[in-house]
Amino acid sequence: MSDPVVILSERLLEAMRAALGDALPPDADPLLAPSRNPEFGDFQANAAMGLAKRLGEKPRDLAQRIVDNLRIHDIAEEPTIAGPGFINIRLKPSALSAALGAMSDASLGVESIGGARTAVVDVCGVNLAKQMHVGHLRASVIGDALARIYERLGWKVFRQNHFGDWGLPIAMVTDAVKRGAERGEINLDNITLNDLERMYRRAQAECAADTRGLEAVRKYGLGPKAEAELEAQVQGAQEQMERSKAALIALQRGDPEFVSVWEKLCEVTLGACFDICRRLHTRITDASTAGESTYRDELAGVVEDLLARGVAEVSEGAVVVRLDEFGIKEPCLIRKRDGGFLYATTDMAAVRRRVQQLGGDRLIYAVDARQSLHFKQVFAAATKAGYARTKSGDNAELLHAAFGTVLGEDNRPFKTRSGDNVKLSDLLDEAVSRAEAAVAEKNPDLSADERRTVAEAVGISAIKYADLSSDRIKDYVFSFDRMLAFEGNTGPYLLYALVRVKSILRKAQDELGICVSEAVGFSVNEAQEKALALELLKYAGMVRSAGDACEPHRLCGYLYSLATAFSSFFENCPVLRAPDEATRDGRLRLAALTGRVLEDGLTTLGLVPLERM
RNA sequence: GACCCGGUAGCUCAGUUGGAUAGAGCAGCGGACUUCUAAUCCGCAGGUCGGUGGUUCGAGUCCACCCCGGGUUGCCA
């Protein structure tokens, strides 16, 4: 409540009203912002310039009239006017200390909406029989961070792992595994995800008929032997494809022999997925997983419903939803000419379930930016169909939190030398082992046990932070060296800043018997103390802004500047060796609050805070 | 072709609703450890914000056109 931004904004608005009376436009805003440069003060109000233009006055005169009517002497020094009409305000130390005291409760100033709204966040999106790779890293890490941010703001949150467990390719691999097991080549009881991935690829290759090759051989007369080989290949592929289609039908019918194999494949894939999600400290579990298969019985109904209501129409044999009224030229295809459904059909059903069953007011999709047209279409089509209508009758907000591609050092999509996707588990292992080497070097006193714990936290946090800290829409270059560096805007740097805070608090308690006391004021006299204090006050606003924009990197950037403000304070303002007791206790309080904000912020991003490292 | 996203220091990136002298880190140069964790801090140097025009008191930010890179584009997901 005693957030100075709120108080100053109110007082400024009162002053503007007093200065302008009826001439004040109803939407007038004091435009209060933290000053960029400390020499201008702590806060600046930029309203005078814009208002003056609208009212035909001189901006500096108007600024003066606002200042003449401004009553803030209880919390601030005498305001000054600078440049074309900036109003610069410097808080009194007592007010700054009081503001910090007010945000020191459990909320840290972040107001909770108490579950009044529901967010559904699409995360992870693994596929059956496939290893997780860097694409899933982003969908999991960014999605989970957004979910945590919304939870921190008091929303009710559902994570939804849209598991790719249905369709013809899935039937292909199911059929291949089933036959392998029947021939005794595969033991279903100890099959691994690696095995599945291998079989998936082989099954796909076997179904791909080389008809072009055959045509070429015939056209250029490359010989009866080559022609015979290719004919055999094409025929074999066609047979495989027929078998796969039959397998899909068997699965759709619920044939127990196929279903039991398919269930095993789901179990193996998801088991590996949840292991990684747990290791990544993301809260993605079985409960947050809804496979595409769970929509299978809804798809025909969706298409029929839309056709019946004239939302969809038949075009060139396919069923489409036209979206011209949304400014989208490409129609959304929801049924193929052969009667099959598409991923847009499933996504439409998913919007309906997320809004109408889960109660989502805001749906957020942490998904690759290359799918942006797809989501534009699905969102428009779902809205047109009424599937996005909430119980209160409003349309839910449908947001694509699109992210860019992870690149290798060569600026091309991150792949192995042979062009395969890099396994996420391998990446995590390498980050942790590099972190462990660094920990062993920097802090040899840690026990082997603690070293492993610290390395795990540092390695995982480093990878996650690298993914979260730049604007999500942009591609970024994956570099162990950079993400594990201890200087700059990195996960380890933030963890280290928190460790230093914890170390002070530990020493204060264990060696000097001092606890942080609510009775003393915060010490905000030195430049570094004041800079840190002003930074702390921004926390709640940054969490809100990161949530509103679905941009975790805003919170990252904030935590980094908080950590640098603390580091500067740490170097220049000794806490336990402060010149007097009041300063010491006031600095201790500042350190303690910094620690709480850092820890809360790191947790809100899904990073792993540490006591020591 | 159309549409979407990028382009800011040598490199990797921030830049809030249009605000004061465009900020960090790395790399480079120079300092600070008998000290609360130096995994750090302090200083110096480094810029045609892709280009041109426009809007205005003020543009990296908004508008128009253009250049470069990436992506998407009716029956894969």
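Residues numbered from 1 in each chain as written. Chains lettered and ligands numbered in written order. Predicted model: local features only at pLDDT ≥ 70, side-chain atom pairs only at ≥ 80, totals over all residues. Heavy atoms only, no water.

Undergrad: What exactly am I supposed to notice about the protein's contact with RNA strand B here?
TA: N88, F486, Y496, S503 and F570 are the nearest of the 65 residues found near RNA strand B. Per the 4 Å cut-off to the protein, sugar and phosphate atoms form 57% of the nearby atoms of RNA strand B. For RNA strand B, a base oxygen lies 3.3 Å from a polar atom in the side chain of E39. Contacts to RNA strand B include Y493, whose side-chain N or O atom sits 2.7 Å from a phosphate oxygen. Only α2 (47-55), β4 (86-89), β8 (318-321), α13 (372-385), β13 (476-477), α17 (491-512) and α20 (552-572) provide two or more residues apiece to the surface near RNA strand B. If you tally residues by element for the surface near RNA strand B, the top one is α17, at 7 residues. Of the residues belonging to the surface near RNA strand B, the class tally is 30 nonpolar, 12 polar and 23 charged. (Near = heavy atom within 4 Å. Polar contact = N/O pair within 3.5 Å; in protein donor to acceptor, adjacent residues only side chain to side chain. Helix = DSSP H or I, 4+ residues; strand = E, 2+ residues; numbered from the N terminus. Nonpolar A, V, L, I, M, F, W, Y, C, P; charged D, E, K, R; others polar.)

Undergrad: What is the right way to read the pairing of β4 from this model?
TA: Regular strands show a simple pattern: their side chains alternate between the two faces of the sheet. Pairing of strand β2 (residues 43-45) with β4, which is carried by 3 bridges, proceeds in the antiparallel orientation. Looking at the pairing, A45 lines up with I87 of β4. Hairpin connection from strand β3 (residues 80-82) to β4: 3 residues lie between these consecutive antiparallel strands, with G83 at a positive phi of about 55°. (Pairing = 2+ DSSP bridges.)

Undergrad: Just to check I follow, could you spell out α20 for this structure?
TA: An α-helical segment advances 3.6 residues per turn. Residues three or four places apart therefore align on the same side. Here α20 contains 21 residues, and its C-alpha end-to-end distance of 31 Å stays within 8% of the 30 Å for a straight helix at 1.5 Å per residue. Every buried residue of α20 is listed here: P552, H553, L555, C556, Y558, L559, L562, A563, A565, F566, S567 and F569. In this structure, the buried side of α20 is in contact with α5 (134-152), α15 (448-468), α17, α18 (527-537), α19 (539-549) and α21 (581-605). (Expected span 1.5 Å × (residues − 1). Buried < 20%, exposed > 50% of the residue type's maximum accessible area, 1.4 Å probe, protein only. Contact = heavy atoms within 4.5 Å.)

Undergrad: Mind showing me how you'd approach the packing of aromatic side chains here?
TA: The geometry of an aromatic ring pair comes down to the distance between the two centres and the angle between the two planes. In the structure shown here, the tally under the stated rule is 11 aromatic pairs. Look at F478 and F480: their rings are 5.1 Å apart centre to centre, the planes differ by 90°, and that puts the pair in the edge-to-face class. Like F480, F478 is buried. Three or more aromatic residues joined by ring pairs make a cluster, and in this case those are Y365, F375 and F379. R500 extends its terminal NZ or CZ atom over the ring of F570, reaching a point 4.0 Å from the ring centre. (Phe/Tyr/Trp six-rings, centres within 6.5 Å; stacked < 30°, edge-to-face > 60°. Lys NZ or Arg CZ within 6 Å of the ring centre and 35° of its normal.)

Undergrad: Hey, could you run me through the pairing of strand β11 (residues 397-400) in this one?
TA: Alternating residues of β11 divide into L398 and H400, all buried, and E397 and L399, none buried. For the handedness criterion, the β-α-β arrangement of strand β10 (residues 362-365), α13 and β11 is classed as right-handed. (Right-handed = clockwise from strand over helix to strand, strands pointing away.)

Undergrad: Just to check I follow, could you spell out the nonpolar core for this structure?
TA: What tends to happen in soluble globular proteins is that the nonpolar side chains get buried as a cluster. In terms of nonpolar packing, the biggest core is built from 164 residues, with L100, L128, L427, F478 and V597 touching the most fellow members. The element best represented in this core is helix α10 (residues 256-279), accounting for 12 residues. Setting aside residues up to four positions removed in sequence, V597 forms contacts with M103, L108, L536, Y539, Y558, L559 and L562. (Core = buried A, V, L, I, M, F, W, Y, C linked by side-chain atoms within 4.5 Å.)

Undergrad: Sorry, what's going on with the pattern of salt bridges here?
TA: Oppositely charged side chains can pair when the atoms bearing their charge come close. In total, this model carries 43 salt bridges according to the counting rule given. Here E257 and K178 are joined by a salt bridge, their closest N and O atoms 3.9 Å apart. You can see E257 sitting in helix α10 and its partner K178 sitting in helix α6 (residues 168-182), a full 79 residues away along the chain. The buried category is assigned to K178, whose relative accessible area is 11%. The salt bridge partner of E456 is R279, with a shortest N-O separation of 2.8 Å. You can see E456 sitting in helix α15 and its partner R279 sitting in helix α10, a full 177 residues away along the chain. Judged by relative accessible area, which is 24%, E456 ranks as partly exposed. R279 gets classed as partly exposed once you look at its relative accessible area, which sits at 23%. Beyond isolated ion pairs, a larger network of salt bridges with shared partners links D144, R148, E151, R159 and R283. (Salt bridge = Lys/Arg side-chain N within 4 Å of Asp/Glu carboxyl O.)

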